[in-house]
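Now for the letters of each chain:
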Amino acid sequence: MKKIVFALAALITFGIHAQSPEARGLKIAKAAEQADLGFKSSTVNLEMTLKNKNGQTSQRSLTTKTLELTEDGDKSLIVFNSPKDVKGTSTLTFTHKVGSDDQWLFLPSIKRVKRISSNNKSGPFVGSEFAYEDLSSQEVEKYKYKFIEEKGSLLTVEQDPVDPKSGYTRRLVTYNKDKGYRLEKIEFYDRKNALLKTLIYSNYKVYKNKFWRASRFVMTNHQSKKETILEFSDYNFDVNLTDEDFTQVALKRS
């Protein structure tokens, strides 16, 4: 009987380790997606700090709304509240599981909504180190996967964008499997496959006993030596947002 038990254990262990890096990477990405399902909608306030290569800083205040969708990618609306020169500027993003995302930018100075071309998705978001494509929700279908390594509770997976118009050749994403597969770090590689940026997530809090949200993002651009810091506060998961809150009319109204 013991021999049978040991043989079964060996087969199970062999099956786990025999899983291809591609299959394991995809499995981890799906686990992370599953762990965050069900929040429905949310709002959050944030302070953005822009830091240039000389260490000089400037601040901006924003509000973000998010609507969860299961049949397609999520929708989000970002509105700048200050300073005066960017107040009222807003961005609407419709993430898609397949194909290019839809994004619009409202500029209050000219009272006009501008569609962001998929060719420009790698451009900087309102002077920050975040690109427009970084605003999209994390949809599994957007990447091809390859498991890289496991260190304790941390799992690193290479993600190669499916969209040929992405500004990245690949991303190295680190998940924490013991903390709801939350994101800990993303390294972004440019079209020449050189390390471009690193995004670090920290100061996590759990909402609704399930949803992990980092209170601090730090995006460092290794090539320009610039940095963007986002500080999040006042998460609200009881706002009951709908599709009507994510239209071009709502974009102008915001």
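In the block above lies the structure referred to throughout.
Criteria and thresholds
Residues numbered from 1 in each chain as written. Predicted model: local features only at pLDDT ≥ 70, side-chain atom pairs only at ≥ 80, totals over all residues. Heavy atoms only, no water. Buried < 20%, exposed > 50% of the residue type's maximum accessible area, 1.4 Å probe, protein only. Helix = DSSP H or I, 4+ residues; strand = E, 2+ residues; numbered from the N terminus. Pairing = 2+ DSSP bridges. Phe/Tyr/Trp six-rings, centres within 6.5 Å; stacked < 30°, edge-to-face > 60°. Lys NZ or Arg CZ within 6 Å of the ring centre and 35° of its normal. Polar contact = N/O pair within 3.5 Å; in protein donor to acceptor, adjacent residues only side chain to side chain. Contact = heavy atoms within 4.5 Å. Core = buried A, V, L, I, M, F, W, Y, C linked by side-chain atoms within 4.5 Å.

Novice: A description of the pairing of strand β5 (residues 102-107) should follow, citing residues and the corresponding values.
Specialist: Among the six residues that make up β5, five are buried, leaving the element largely enclosed by the rest of the structure. Bridge count for strand β4 (residues 90-94) against β5 is five bridges, and the pairing is antiparallel. From the neighbouring strand, threonine 93 faces β5, where its bridge partner is glutamine 103. Here β5 pairs with strand β6 (residues 112-115) via four bridges, running antiparallel. Within β6, the residue paired with tryptophan 104 across the bridge is arginine 115. Counting the residues in the hairpin turn of β5 and β6 gives four residues, including lysine 111, whose phi is positive at 50°.

Novice: Talk me through the packing of aromatic side chains; I want residue IDs and the actual numbers.
Specialist: One pass over the structure, following the stated rule, counts 15 aromatic pairs. Centroid distance phenylalanine 125 to tyrosine 132: 5.6 Å. Interplanar angle 80°. Geometry classified as edge-to-face. When the ring centre of phenylalanine 147 is taken as origin, the NZ or CZ atom of arginine 24, which lies over that ring, is 4.0 Å away.

Novice: Now, about unusual backbone geometry: what can you tell me, with residues and values included?
Specialist: Here the bond from serine 82 into proline 83 is cis, since omega is 0°, no more than 30 degrees from zero. As for its position among the elements, proline 83 is in the loop between β3 (75-82) and β4. With a phi close to 45°, valine 126 is a non-glycine residue in the positive phi region. Assignment of secondary structure puts valine 126 in the loop between β6 and β7 (143-151). If you check the backbone angles, aspartate 234 has positive phi at about 60° while not being a glycine. Topologically, aspartate 234 is positioned in strand β13 (residues 227-236).

Novice: Provide a residue-level description of the side chain of serine 41, including the pertinent values.
Specialist: Along the chain, the position of serine 41 falls in strand β1 (residues 41-51). For serine 41, a relative accessible area of 3% puts it in the buried group. Engagement of the side chain of serine 41 in a polar contact is seen with the backbone nitrogen of leucine 241, the distance being 3.1 Å. Other than its neighbours up to four places away in sequence, serine 41 contacts Thr66, Leu67, Asn236, Phe237, Val239, Asn240 and Leu241.

Novice: Go over the nonpolar core with me, naming the residues and quoting the values.
Specialist: Formed by 45 residues in total, the largest nonpolar core has its most connected members in Phe125, Tyr175, Leu199, Tyr201 and Phe217. Looking at which element gives the most residues to this core, the answer is strand β11 (residues 195-207), with five residues. Beyond its immediate sequence surroundings of up to four residues, phenylalanine 217 is in contact with Phe130, Leu199, Ile200, Tyr201, Thr228, Ile229, Leu230 and Phe232.

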